2 protein chains.
Amino acid sequence: MSANFETKLSRYAELLVHTGVNLPAGGKLLINAPLDAAPLVQLISRAAYQAGAVHVKVNYSDPQLSLALFEDGSDEAVAFLPDWVALEAERMVEDGYARLAIAGEDPGLLSGVDPQRVALRSKLQAQAMKAVSEAVGGFAVNWCVAAMSTPAWATRVYPDLSAEAAVARLWDDIFSVTRADQSDPVAAWGTHLSELERLCGLLTSKQYAAIHLRSELGTDLTVGLAEGHIWQGGAETARNGIRGVPNLPTDEVFTAPHRDRVDGWAVSSKPLSVRGQLIEGIRVRFEGGRAVEVTAQQGEETLRTLIETDEGAAHLGELALVKASAPVAQTGTLFLHTLFDENAASHIALGRCYPTNVQHGENPEALLAAGGNDSLIHVDWMIGTPGTDVDGVTADGAREPLMRGGEWVI
Amino acid sequence: MSANFETKLSRYAELLVHTGVNLPAGGKLLINAPLDAAPLVQLISRAAYQAGAVHVKVNYSDPQLSLALFEDGSDEAVAFLPDWVALEAERMVEDGYARLAIAGEDPGLLSGVDPQRVALRSKLQAQAMKAVSEAVGGFAVNWCVAAMSTPAWATRVYPDLSAEAAVARLWDDIFSVTRADQSDPVAAWGTHLSELERLCGLLTSKQYAAIHLRSELGTDLTVGLAEGHIWQGGAETARNGIRGVPNLPTDEVFTAPHRDRVDGWAVSSKPLSVRGQLIEGIRVRFEGGRAVEVTAQQGEETLRTLIETDEGAAHLGELALVKASAPVAQTGTLFLHTLFDENAASHIALGRCYPTNVQHGENPEALLAAGGNDSLIHVDWMIGTPGTDVDGVTADGAREPLMRGGEWVI
Ligand SMILES: [Zn+2]
Ligand SMILES: [Zn+2]
Ligand SMILES: [Zn+2]
Ligand SMILES: [Zn+2]
């Protein structure tokens, strides 16, 4: 890679530390990253120590070890989770570790593996990590999810390029959509975050009863919103008072649906990559908040297994609006990764809502009473298109246009 | 690398699982390995799952992160160790995890770093991990330390070769001294372990009061042995009843000195690589078991810091005898790594003894009463040469030749 690449990678590392988790002097940082991320993780660690971090803990994961487990492990091994894994994670939340996750996994890693084995282990892991997921989802600590280009991922995104060219191309995409290729990425993020903040303030003040989405693919969906819902997007202030950016890139504003007030058809506009498999051509009909008809052109079994995880998995926990001209959409690339693809299109998520999307949502009873959804899963899937129209529906049934042809009109 | 290499690497992985930790069906395995070891770790994991392992936990370490901490971390960061690290390690010992460590670190990694920072952190880590070290040293679980060839290490061993050639050459050495290049490595180990068992049985039955070593370099050292000492070497039966091989390669037989009965001069025959630094030309005079004169041609400060760790660090915890014709010595290579170099020469270790080298040594009071040594450290250094003569000294002062010119005569 060129010297130019090294500069961008360093800026990216600085961006993750300063804008992403916004690590204070004396702060603690947990980095979860795949092996391939080592050069980036090393730069992040140096940036964190230079910012005065007192501890940087890195958990490197090796996707080949997951594959070995699913391919060669006994049923007992697939079901085995020692309790100290969750205990350590809980202790790190209590100790105030900011969390930085570097994503770059092969979207098709587990495609040749028995989906029942993967589903079983995913569910057991979600159960074991429920307390941690809730604390993190409720911003007990600040966290950031960002990505890196890896051969396994890049060659799926760019199957016609050599591995080396694909990795370089995907890095260019990542630097571009995260603004790491700009001369002052941190300042560029300031401007961008202000616009998202304006939209969130406006939408939250409206307190629409529902949002109605229609697309040329057949989506015709009314998403009732939770009582006292809050629109969020861009930066987030954690309960420890630190303001960071949970996703890089991020172009969405999102809120909590009412779990029993979603009706109509949702049709996917992009493939969904989940549990190492690709689900394409999803059509789901909701009635009274529940997914009652579920089909997919590919990966339907995985989708059904997902929705059957628990009752909440058949209800929505997120509605997010993204303009069609957002940077990720403009790349024209299907990233096969939620972190990117969700920023190319408006989307919904099956499963758990974010407590921060509802007033007093940190209280589980208040969250439930407001219509917030609970589940072991949270899976985003994209329904927005360049032809999507979105209306806000007020409590007395009046409609106000929010998006036309995929662009904001407010 | 050639297909031949892949075959040897697979055999090596099988050897570590079956002969090294001797993992039973339903067993649990902890692997500590550097990032570079990923291809080997993946083969080991598959071999373990195929052998019926219920859990394989891998902790990948990244040497560059240690360097980042020492170079960019605050004093607070260098001294910071969260207690859940030791708690997790203790839980894994309680849960009966076999332990496999893959060594391949750069022997000079920390040579440019302030040795006081390294010493402080090493000591804090040793204190935090004391319970684990004791349990592991006492074979509460079975464990194995083996090595892999890495560019950082290989290029120090073979500075005149290209990185690629050096890595290949060091792999050849590793395969050769661990017998992984033989058609049936497990059977070859069977023969070798029988010979070590014969020597251990014979020496233990003699119950020498002391061992006297003389070398052409100036070693003239009488090492009094602990009361009820046991010679060990090769395979080891852990308290869980599983018989494995703690070190691959291994050619030594070793026992516990009496901490107060060591007198004379010990002169190093090979450089000692410790804490990322090289210590060369060591001359230490012992009196009443204690190191009273300490000099080194290089790294003397690190050596002194080491010996000043605690009182036990100035006394011996191991005496090991290795024939000059052992496979590691025959390679003629200075590996700059104790795991290998200690199998090229007779050696002594400063610090903690192995409780298994003394009868009833699992009882700390019995161990102390017998003359066993305790310390936060255990550091081997080589004094044996092709010209070394070794005698056993009986309780009434009679001498019996054990080695002449570096070779066994019993
Ligand atoms: Zn979203
Ligand atoms: Zn989401
Ligand atoms: Zn030894
Ligand atoms: Zn030793």
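An unreviewed UniProt entry lists chain A under the name Aminopeptidase, with Deinococcus hohokamensis given as the organism.

The next thing to look at is helix α9 (residues 163–177) of chain A. Residue and element names in this part refer to chain A. Between its first and last C-alpha atoms α9 spans 21 Å; for 15 residues at 1.5 Å apiece the expected length is 21 Å, and the two agree. Within α9, burial applies to A166, V167, L170, W171, D173, I174, F175 and V177. R179 sits one or two positions beyond α9 and adopts a positive phi of about 65°.

So, on to the relation of the copies chain A and chain B. Superposing chain A onto chain B requires a rotation of 180° together with a translation of 0.0 Å along the rotation axis, leaving an RMSD of 0.0 Å. Here the symmetry operator amounts to a two-fold rotation axis. No C-alpha of chain A approaches the rotation axis more nearly than that of Y60(A), which lies at 3.1 Å. Mapped onto chain B, 100% of the interface residues of chain A are again interface residues, and the two copies thus contact each other with one and the same surface.

What follows covers the packing of aromatic side chains. With the rule as written, the count across this model stands at 20 aromatic pairs over all chains. Ring centres of Y12(A) and F175(A) lie 5.9 Å apart, and the angle between their planes is 75°; on these two criteria the pair is classed as edge-to-face. Placement of Y12(A) in helix α1 (residues 3–20) and of F175(A) in helix α9 is noted, with a sequence separation of 163 residues between them. Among the residues examined, F175(A) registers a relative accessible area of 1% and is labelled buried. Consider the rings of F5(B) and W171(B), whose centres lie 5.7 Å apart with planes at 70°: the pair is edge-to-face. Taken together, the residues F5(B) in helix α1 (residues 3–20) and W171(B) in helix α9 (residues 163–177) connect sequence positions 166 residues apart. Judged by relative accessible area, which is 5%, W171(B) ranks as buried. Three or more aromatic residues joined by ring pairs form one cluster here, namely F5(A), Y12(A), W171(A) and F175(A). Of note, R283(A) hangs over the ring of W265(A), and the distance from its end group to the ring centre comes to 5.6 Å. It is R179(B) that lies over the ring of W189(B); its NZ or CZ is 5.1 Å from the centre.

Residues and elements named next belong to chain B. Counting buried positions along strand β3 (residues 98–103) gives 5 out of 6 residues, so the element sits mostly inside the fold. In the sheet, strand β1 (residues 28–34) pairs with β3 via 4 bridges, with the strands oriented parallel. Bridged to I31 within β3 is L100. Both β3 and strand β4 (residues 143–147) contribute to a ladder of 5 bridges, which runs parallel. Pairing of L100 across the sheet is with C144, part of β4.

Residues and elements named next belong to chain B. Surrounding the zinc ion (ligand 3) are the protein donor atoms E252 (OE), E318 (OE), E342 (OE) and H347 (NE2), at 2.0 to 2.3 Å. All donor residues of the zinc ion (ligand 3) come from one chain, and their arrangement in sequence is E-x65-E-x23-E-x4-H. The distance between the zinc ion (ligand 3) and the zinc ion (ligand 4) comes to 3.4 Å, with E318 serving as a donor to both metals. Here E318, found in strand β15 (residues 316–321), pairs with E342, found in the loop between α13 (338–341) and β16 (347–351); they are 24 residues apart in sequence, far enough to count as distant. Since its relative accessible area comes to 2%, E318 is described here as buried.

Any space left empty among the atoms is revealed by the rolling of a water-sized probe across them. All names here are of chain A. Of the volumes computed, that of the second largest pocket is approximately 460 Å³. Every residue lining the second largest pocket is counted, 23 residues in all, and those nearest its centre are P355, G361, E362, P364 and L367. Contributing elements (two or more residues each) for the lining of the second largest pocket: α7 (130–137) and α14 (364–369). Shared between two domains, the lining of the second largest pocket takes at least three residues from each, and those domains are domain 1 (3–177) and domain 2 (198–232 + 251–408).

Perfect tetrahedral coordination of a metal by four donors corresponds to 109.5 degrees between them, and perfect octahedral coordination by six donors corresponds to 90 or 180 degrees. All names here are of chain A. Taken together, E252 (OE), E318 (OE), E342 (OE) and H347 (NE2) make up the full set of protein donors to the zinc ion (ligand 1), lying 2.0 to 2.3 Å away. One way to put it: the 4 donor atoms around the zinc ion (ligand 1) meet at angles of 78 to 156°, and that makes the site irregular. Between consecutive donors of the zinc ion (ligand 1), the numbers of intervening residues give the motif E-x65-E-x23-E-x4-H. In this model, the zinc ion (ligand 1) sits 3.4 Å from the zinc ion (ligand 2), the two metals being bridged by E318.

Each value, and the rule that gives it
Residues numbered from 1 in each chain as written. Chains lettered and ligands numbered in written order. Predicted model: local features only at pLDDT ≥ 70, side-chain atom pairs only at ≥ 80, totals over all residues. Heavy atoms only, no water. Helix = DSSP H or I, 4+ residues; strand = E, 2+ residues; numbered from the N terminus. Expected span 1.5 Å × (residues − 1). Buried < 20%, exposed > 50% of the residue type's maximum accessible area, 1.4 Å probe, protein only. Least-squares fit on C-alpha atoms with pLDDT ≥ 70 in both. Contact = heavy atoms within 4.5 Å. Phe/Tyr/Trp six-rings, centres within 6.5 Å; stacked < 30°, edge-to-face > 60°. Lys NZ or Arg CZ within 6 Å of the ring centre and 35° of its normal. Pairing = 2+ DSSP bridges. Donors = N, O, S within 2.8 Å, 3.2 Å for Na, K, Ca; no water. 1 Å grid on protein atoms, 1.4 Å probe; cavity = no way out; pocket = protein on both sides within 12 Å on 5 of 7 lines; lining within 4 Å. Points joined across faces, edges and corners; volume = space filled by probe spheres on them. Domains from an automatic or database assignment. Tetrahedral: all angles 85-135°; square planar, octahedral: opposite > 155°, others 65-115°.

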